[in-house]
Structure formats: C-alpha cells, structure tokens
Amino acid sequence: MLEMTWRRFRRHRPALIGVGVIVLFVLLAVFAPIVSPYDPEQNNLDIRLQPPTLEHLMGTDELGRDLFTRILYGSRISLAIGVLSMMLAVTVGTLIGAAAGFHGGGIDAVLMRMTDVFLAFPRLFVLILVTTLLRQLNLPWLPAGSFAPIIFVIGLLSWMSVARLVRAAYLSIREKEYVEAARGVGAGDARIMFRHILPNTASPIIVAGTLGVAASILTESGLSYLGFGVQLPTPTWGNMLRSAQAQMTYAPWTAVFPGLMIFSAVIAINYIGDGLRDALDPQREVR
Amino acid sequence: MTRYIIRRLLQFIPLLFLISVLLFTLLQIIPGGPTAAYANNPEITSEDLARLEQRLGVNAPLPVQYGKWLGNVLRGDWGYSTVTQRPVLREIADRLPNTIYLMGIAFVVALLIAIPMGLIAALRQYSIFDTLTTTIVFAGQSIPIFWLGLVLIIVFHSTLKNPLTGAPLLPGDGMSTLGAPFSIGDYLAHLILPVTMLALYQTAQLTRFMRASMLDVIHQDFIRTAHAKGLKERVVVVRHAFKNAALPLVTILALDLPGLFNGAVFTETIFSWPGMGRLFIERAFLFDYPVLMAILMINAALILFFNLVADVVYALVDPRIRYA
C-alpha cells in the first residue's frame, strides 16, 4: 500500500518539487545559526535598509538587521505554527467527527450544530479577538510572549472541515461488514472507532491535514501582518511584512522577500497535498 | 419551498443567539474591556473611571450585561462607540456601503474572468491554455493576498510613474483623491489595485470549480447524445453543458462569501479603504466593544444568510432537488 502510494506520488512532478522546497526550508530553519553568521535581533544602525548584496543576500531592514537571517529564524516559527496548529485542528476535528459519525443520533446532532456555529463565526475577526484575549490573560500554559496562543487559536478555529470529512467517512464505514465482524468478536466501541474505522479514513485526513498546514501558515502570517499574531522582535514571515510596510516604497526588498517565502512554502505544500490526493485515491486516474 | 425557507430562517434564531452569547462573552472577558480606552488618559481620574464603569454597567454580572445588550439590540439600539461616542449603527452605516461597493465589484470581476477561463480550460483539457490556467489557479490560491497588495503598490504606485505627469501610475490609497472634484475616472483608477488584490483569490477559486464542474459534465452521456444528434458545438457547450456545470458554482459563490470578507479586511487595511473590515481592525486595538460586537454579528448573520441563499438558489435552478 505504502509502496504503491509512493509510486503514484512520484509521478506527480510538482508535488515532488514541493517536497524538495519544504525539505530545503526545514533544513535552512534548523541549521539557521550555521547557514548565517548574523544575529537575527542584533541592530546595526550603520547599515540600515541596504539593498541586497553578497554580504546581505536579501538586504537589511530598518534597524540594519540582516533580512535573510531574520527570514531563516522566522521560518522556524512560521513553519512550526503551521504544522502544530494543523495537528491540533486535525486531532480535534477527527475526535468530533468520529464521535458524531460513529454514534449518530443526538450526539451527532449536537456536535454538528456546534460545527455550524463555529463555521458561522467570522473567522478572521474571531481569531483577532481570541489572540488578543489570550495575550491579555497570559495563562501559565499559554504564556503571552510565546507563540503557543497563536497555535492554540488557529487550531481551535480550523477543525470544522476535518470534522465534517471524518463524520461522513464514519457514517459510511460503520455499516461495513468488517465493523460488524469486529463487533461480533467482542470489540468495544473505542476499539472499533480507533483501531478498525480510523485507519480507513486516513487518506482524506492526510490530504486535509497537508492542505491545512498551508492554510495555517497563511492564517498566521495574515494575523501577524495585521499586528495580532506573533509580536516583535521575534521574527515571523508575517510580522516582517508588517514592519516592511513603513518603508516598502523605498526599500521594496524588505516587503518582497518575506512574502516570497510565504508564497513558496504555501504553494509547495498545496502541491504536496494535491499529489497525495492523487496518490492516495486509487479511483483517480493518474496522468 | 416557502415553508422550507421559513423553517430555515427560524433555525437562524437559536444559532444567532448562541453565536451572540459566545461572542459577547468573549469580548467581555478580554481584560481591559470597554473602559480600557480611557485608562491611560491623564485627564480622566480613577473616580471618573469608576463612575464611567458604573454608568456603562460593566461591573454587573455577565448574564445581566448580556440581557441588557440583547434587549437594546432587539429594539434597534446597538449602543455607542466607546471611541467616538457616536451611535454604533451610524458608525457602521458610514463604512458598510464602501465595503459592499469594493466586494461587489471584485466579485463581478472574478465571475467575468473565472467562468470563461474555467470553461475553455475544461473544453481543451491538457492543452497549453489548460495547463496555464491550472498553474495560475494554484498560484492564486497560495499567494498571501496581503503580500499581493503590497507588491501591487510597490510596482504600480511607487515604481511605475505616469509618463506624462510623473505622478504614480495608479493611486494606492483611499476611494478617491481627497479634495479633488468628483470624477468617475478618479473613482475607477482608485478601484484598480484593490479590486485586483481582492478578486484574485476569488477568481482562482471559481475558475477551479468551473473547470472541474465542466469536466464532470462534458463526459456524461447526455452530452454525447447532444453531439450525436448533430447539434452545433456551441449549442452543446452553452445550452447543455454550461447550464449543468454552472449549478454547483452557485453554491460555491455563496459559501465563499466569508473568504471574500476576510480578503476585504486585508484589502481595506492596505489601501486605506474606509470600509467595515478596517473599522474592525482599528477598533480591535482600542477595545471598542459595541462596534466590534455589531460587526461580528452582522458578519455572522450574513454568513448564515448566504448559506441559505446557496441552498435555495440551488433548489431553484436544479429541479431534481426538492426540499420538504
């Protein structure tokens, strides 16, 4: 199964390139201190707003910090937020969808109405308010200075589509014969839900999760751009764009490069998701 | 049908109620709250602040405050902005039309580009045009639109100049030139960049659905039958295929609306467009909670309403669907 999936995935060239791009980004993020000799938060007012040169590949920002270095350190946070908030969203979505689809009836009705409520929230506005709230509350397990609140908020406002997907899968699978067989040999609800049905819903969850990482990266950068996400001086791709705005007319590189990073990361992940969708769905014809 | 619509509308009431309770609670538990705007004002003493809190009733228990808010809203009184002291409804009435104006034009532009593009791409599947369309669609869905806005300003406002006057090629902020006499040309020029920014994602999304839906339809039997009857290609495409392919699009149109709202927030912020999204961002920094609450509720209601519109229109155009 795994081998076949890989064989099909390999034929999707954009997805392969996407994997290459993401691997490169992750390596650069992990080895940032080795890749770049500069300190991401060290000001150097003598070299403010210098255009890209060999010494400063992407130029310097308004405080003379090396832009490339800040982008590398920023990618640690942007990528981590993307992955972690998606994992939270997929976990919550899977649990809610599984409970609703497996049990049906009253539980299903309540959980799905709750999903409707979350879907009717004006998402961006609520994201802004909840991040503001969490920053002010400064909970011990979600310290305001860290980026944990952002992960938490994005995760808790992004699980709805996964929940609907998983519910639909559970609704159809729970009637299958092998589920009945499992029940026949005395398997309990929890065992059937997670050991027998869950593996068979993996494909759509994996695809939704992959695309979810891209969406989370976009959401984080958007929030940080508006000033409600990760706060300075910690760099992320989004808040770098925010600070670039003031001088972008005469120092356009400060705005171009961070956005280019978001764009390439998101498009790479979207292509990977596309490739996975083709590879995991045996019914889909592969060109 | 009428009964179905009425039933759905009635379902809105508990849903909106629940949403309003959640959002109201959320706004109230944010420390700082409605008096935060005055807390750092040196001309307001702590006694004044206490009096103000008393008058605003912010020290009452949460359910009491919610009850008061709900009672007022049901009577059409959304309260007063804590920043400008103006009635909330007046604040919103000033901004909402600008947002609708921007979103409406972006929406029409997106439709006008997406429908023919998706249609042609589907009819010539695997052609260069199709490959190009698919690539553009992918890029359009992945680009951070606020960055697109910044790049548009860098290129068309601060870099490219009008060769005759030396002024920026296109205006980069506001709805019209301040102080200039009214001219349609000026208004149109101010629309170009924000509409491009806002319409791109929508165009990508709609093109993708149009193409997929058209591909679905043209491989069905009744299209082959139409061809076999000797109908002209044009007739088959327009009368038979397009009509059926456009059906799912109706739902997508309505369900994509929240996305358009999100996009409008960024567009208005970047282009200093005096709309509702920008109002929200400005007031979120100042904790102007009556205004925030009103904007949140208007958005939630619109999202629910367009969900219903999607279902109803879908049923109206597709006679196979019956709602009891």
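The model shown is predicted, which means the values in this text are computed figures rather than measured ones. The residue numbers shown here count from 1 along each chain, following its written sequence. The naming scheme follows written order: chains are lettered A onward, ligands numbered 1 onward. Predicted model: local features are reported for residues with pLDDT of at least 70 only, side-chain atom pairs are reported and counted for 80 or more only, and whole-chain, interface and lining totals are derived from all residues. Hydrogens and water are ignored here; the side-chain numbers use all heavy atoms of the structure.

> Looking at this structure, I do not really get the packing of helix α5 (residues 88-123) of chain B against helix α11 (residues 257-270) of chain B. What am I missing?
In helix packing, the relevant descriptors are the interaxial angle and the interaxial distance, both defined with respect to the helix axes. Residue and element names in this part refer to chain B. Across the interface, α5 lies against α11 with an axial gap of 10 Å and an inter-helix angle of 115°. The two elements α5 and α11 meet at a crossing, and its hand is right-handed. In this structure, α5 uses T99, L102, M103 and F107 to contact α11, whose residues at the interface are L257, L260, F261, A264, T267 and E268. Side-chain classes follow a simple rule in which Ala, Val, Leu, Ile, Met, Phe, Trp, Tyr, Cys and Pro form the nonpolar group, Asp, Glu, Lys and Arg form the charged group, and the remainder, Gly included, forms the polar group. Each residue belonging to the contact of α5 with α11 can be placed in one class, and the counts come to seven nonpolar, two polar and one charged. Helix axes use the C-alpha atoms of the stretch in contact, all axes being lines fitted to C-alpha atoms, and the angles between their N-to-C directions lie in the range 0 to 180 degrees. Helical segments are the DSSP runs of H or I of at least four residues, strand segments are the runs of E of at least two, and each set is numbered from the N terminus. The crossing is said to be left-handed when, going from far helix to near helix, the turn is anticlockwise and less than a right angle, and right-handed when the turn is clockwise. It only takes one pair of heavy atoms within 4.5 Å for two residues to be counted as in contact.

> I keep staring at the side chain of T94 of chain A and nothing clicks. Help me out?
Examined against the element boundaries, T94 of chain A turns out to sit in helix α4 (residues 67-103). Each residue touching T94 of chain A, except ones within four places of it in the same chain, is listed here: V162, V166, L198 and I205 of chain A.

> Can you help me understand the interface of chain B and chain A in this one?
How big an interface is tends to be stated in terms of the accessible area lost upon association of its parts. The partner chain A presents 42 residues to the 42 residues of chain B that form the contact. For any pair of parts, buried area is found by adding up, for both, the accessible area (1.4 Å probe) each one loses once the two are put together. Across the chain B to chain A interface the summed buried area is about 3,800 Å²; carbon plus sulfur atoms make up 83%. Each salt bridge in this description consists of a side-chain nitrogen of Lys or Arg and a carboxyl oxygen of Asp or Glu lying within 4 Å of one another. Linking chain B to chain A there are zero salt bridges. In protein, a polar contact means a hydrogen-donor-capable atom and an acceptor-capable atom, both N or O and within 3.5 Å, with residues adjacent in sequence counting only if both atoms are side-chain atoms; elsewhere, any N or O pair within 3.5 Å suffices. Run the count over chain B and chain A and you get three residue pairs in polar contact (both at pLDDT 80 or more). Take the side of chain B that touches chain A: its biggest share by element is eight residues, from helix α1 (residues 2-29) of chain B. Considered class by class, the residues forming the side of chain B that touches chain A number 34 nonpolar, eight polar and no charged.

> I tried to follow the packing of helix α8 (residues 184-218) of chain B against helix α10 (residues 233-255) of chain B on my own but got confused; where do I start?
Residues and elements named next belong to chain B. Axis separation between α8 and α10 bottoms out at 9 Å; the angle between their running directions is 135°. Considered as vectors, α8 and α10 are oriented oblique to each other. Handedness of the crossing formed by α8 with α10: right-handed. Taking contact as the criterion, the partners of L206, F209, M210, S213, M214, V217 and I218 in α8 are, on α10, V237, A241, F242, N244, A245, A246, P248, L249, I252 and L253. Classifying every residue of the contact of α8 with α10 by side-chain character gives 15 nonpolar, two polar and no charged. For classification, angles of less than 35 degrees are called roughly parallel, those exceeding 145 degrees roughly antiparallel, those between 65 and 115 degrees roughly perpendicular, and all remaining angles oblique.

> Whenever I open this one, unusual backbone geometry confuses me. Can you help?
Leaving glycine aside, a negative phi is the common case for residues, and trans is the common case for peptide bonds. Residues and elements named next belong to chain B. Located in the positive-phi region is Y126, a residue other than glycine, with phi close to 70°. Following the sequence through the fold, Y126 ends up in the loop between α5 and α6 (128-142). Exposure remark for Y126: the relative accessible area of 42% places this residue in the partly exposed category. You will see that F287, though not glycine, has its phi angle at about 55°, which is positive. For F287, the location among the structural elements is in the loop between α12 (276-286) and α13 (289-317). Exposed residues in this analysis have more than 50% of their type's maximum accessible area, buried residues have under 20%, and partly exposed residues fall in between, with area computed by a 1.4 Å probe over protein chains only.

> I would appreciate a short explanation of the environment of L27 of chain A in the present structure.
Residue and element names in this part refer to chain A. Here L27 lies in helix α2 (residues 13-30). Exposure remark for L27: the relative accessible area of 44% places this residue in the partly exposed category. Considered as a pair, L27 and R76 are 49 residues apart in the sequence and their alpha carbons are 9.9 Å apart.

> How should the nonpolar core be read in this particular structure?
Within soluble globular proteins, side chains that are nonpolar generally end up buried alongside one another. In these notes, a set of buried Ala, Val, Leu, Ile, Met, Phe, Trp, Tyr and Cys residues joined through side-chain atoms within 4.5 Å is what counts as a nonpolar core. The biggest cluster of nonpolar side chains holds 159 residues, and the ones touching the most others in it are I128, L226 and W237 of chain A together with I19, L23 and F280 of chain B. Tallying contributions element by element places helix α13 (residues 253-280) of chain A first for this core, with 15 residues. Ignoring sequence-local partners within four residues, the contact set of L226 of chain A consists of L124, I128 and R242 of chain A together with V265, F266, T269, I281 and F285 of chain B. Among the nonpolar cores identified, the runner-up in size contains nine residues, and A89, L111, M112 and A163 of chain A belong to it.

These results come straight from atomic positions and should not be treated as a statement about function.
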